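Results of the structural survey
One-letter residues, chain by chain:
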Amino acid sequence: MKRALILSGGGSRGSFQVGVWKYLQEINWSPNMICGTSVGAINAVAIGCGLTVEQLSDIWTKSGRREIYSLKLLDFVANIVLKKQLVPLMDTTPFKDMLQSLVDLGRLKKSTIEIIISAVNLHTAIPEFFNQNEITIDHIMASGAMPIIFPSQMIDGVPYWDGGIMADIPLLPALARGMDEIIVVPLSPVGHALRLPEPKSLMDAGEHLMEQSLVSSYQSTLMGYGSPKIDEVVPGSSYLRKKNMIKNSALNMNTDPLLNPTEPDQTRKTPRIITIAPSKMLGIPSLLNFTPKQANALMAEGYNNARKLLRDIFPSHNNFL
């Protein structure tokens with residue numbers, strides 16, 4: 001059985017994924033592929049480099065805001081007022097320095113797990129996927145380069161920014177690779193663990209909009225692929241299957257070898273998709289809250305949510321050994 005782990009973007013909420021990974025390690029659930037975007041890309045690369053759960057936990061609880069970014073508020077405001085060249089709100093040089101000290105690219109290339117991360121090409125506005133044979137520090141920085149807030153990154157002379165803008169939950173490579181079982185770890189409860197009330201204020205509406213943007217690409221991918229549970233996710237989408245439109249989707253038409261099935265005329269494999277998400281709204285400030293308090297809380301929630309869900313789905317762990 002081929003398994004994939006999908007790690008979404010979501011800023012400092014990424015510690016939730018460490019808790020999920022801790023439980024997956026305990027039950028010996030091993031993926032053949034880990035695909036990540038933004039902070040999910042960072043966690044994916046860290047796992048691919050062989051960092052243990054304890055080392056990941058230490059990074060999240062001991063790396064504060066100053067190790068991630070520094071504010072450039074005066075320059076940012078001045079350039080808005082004077083209408084000069086864009087200056088990002090934050091300088092991520094401290095984070096790049098930290099990555100260079102933590103990431104062993106040589107070890108990453110030798111990983112037995114395929115590591116794939118995404119970033120958006122600013123010239124084409126298309127999300128691109130990179131695996132461990134080509135990933136550099138610049139690729140990792142690009143995957144997490146939140147527009148306007150963080151600076152875009154140059155890769156081979158082309159500017160890239162946060163992969164989460166177009167594919168925050170990068171499910172497509174796992175589908176294209178024909179995975180049998182996929183565990184998805186989004187960093188928003190929207191569409192996964194929560195029925196949302198109608199927003200009552202401007203702040204509520206802004207939060208809902210932001211959360212929905214985090215999961216939009218995931219829902220669209222499921223719609224286009226024809227998940228067996230698609231009716232639970234997007235009502236009425238069975239229309240696509242009934243009209244036989246699925247086989248003409250972009251997944252079959254794309255000429256990229258990563259996204260082009262080897263036998264496109266055959267019926268697609270239907271993978272088992274399991275989603276482990278936060279159980280409550282976390283608020284917009286949680287995206288840039290790099291405090292040990294939040295990191296510990298989200299790691300604990302990730303672990304507990306994974307345990308509650310997976311102990312019923314996988315009553316025996318022997319088949320993972």
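Use the structure listed above.
Residues numbered from 1 in each chain as written. Predicted model: local features only at pLDDT ≥ 70, side-chain atom pairs only at ≥ 80, totals over all residues. Heavy atoms only, no water.

Notes on helix H5 (residues 93-102)
Among all positions of H5, only Phe95, Met98 and Leu99 are buried. Looking straight down H5, one finds that the buried residues subtend no more than 100° of arc, so they occupy a single side. Considering only its buried residues, H5 is in contact with helix H2 (39-48) and helix H7 (137-143). (Buried < 20%, exposed > 50% of the residue type's maximum accessible area, 1.4 Å probe, protein only. Helix = DSSP H or I, 4+ residues; strand = E, 2+ residues; numbered from the N terminus. Arc of directions from axis to C-beta. Contact = heavy atoms within 4.5 Å.)

A word on the packing of aromatic side chains
Tallied over the full model, the rule gives 3 aromatic pairs. Seen in terms of ring centroids, Tyr23 and Tyr303 are 5.6 Å apart; in terms of plane orientation they differ by 85°. Their pairing is edge-to-face. You can see Tyr23 sitting in helix H1 (residues 15-26) and its partner Tyr303 sitting in helix H14 (residues 292-313), a full 280 residues away along the chain. Here Phe130 and Tyr160 contribute two aromatic rings whose centre-to-centre distance is 6.0 Å and whose plane-to-plane angle is 70°, an arrangement assigned as edge-to-face. Placement of the pair is Phe130 in strand S6 (residues 126-131) and Tyr160 in strand S8 (residues 158-162), with a sequence separation of 30 residues. (Phe/Tyr/Trp six-rings, centres within 6.5 Å; stacked < 30°, edge-to-face > 60°.)

Comments concerning the packing of H1 against helix H3 (residues 53-62)
Packing of H1 against H3 leaves a shortest axis separation of 10 Å and a crossing angle of 165°. Judged by the inter-axis angle, H1 sits roughly antiparallel to H3. Every pair of crossing elements has a handedness; the one defined by H1 and H3 is left-handed. For the pair H1 and H3, the contacting residues are Ser15, Val18, Trp21, Lys22 and Gln25 in the first and Val53, Leu56, Ser57 and Trp60 in the second. A class-by-class count of the residues in the contact of H1 with H3 yields 5 nonpolar, 3 polar and 1 charged. (Axes fitted to C-alpha atoms, helices over the stretch in contact; angles between N-to-C directions. Parallel < 35°, antiparallel > 145°, perpendicular 65-115°, else oblique. Left-handed = near helix turned anticlockwise from the far one by under 90°. Nonpolar A, V, L, I, M, F, W, Y, C, P; charged D, E, K, R; others polar.)

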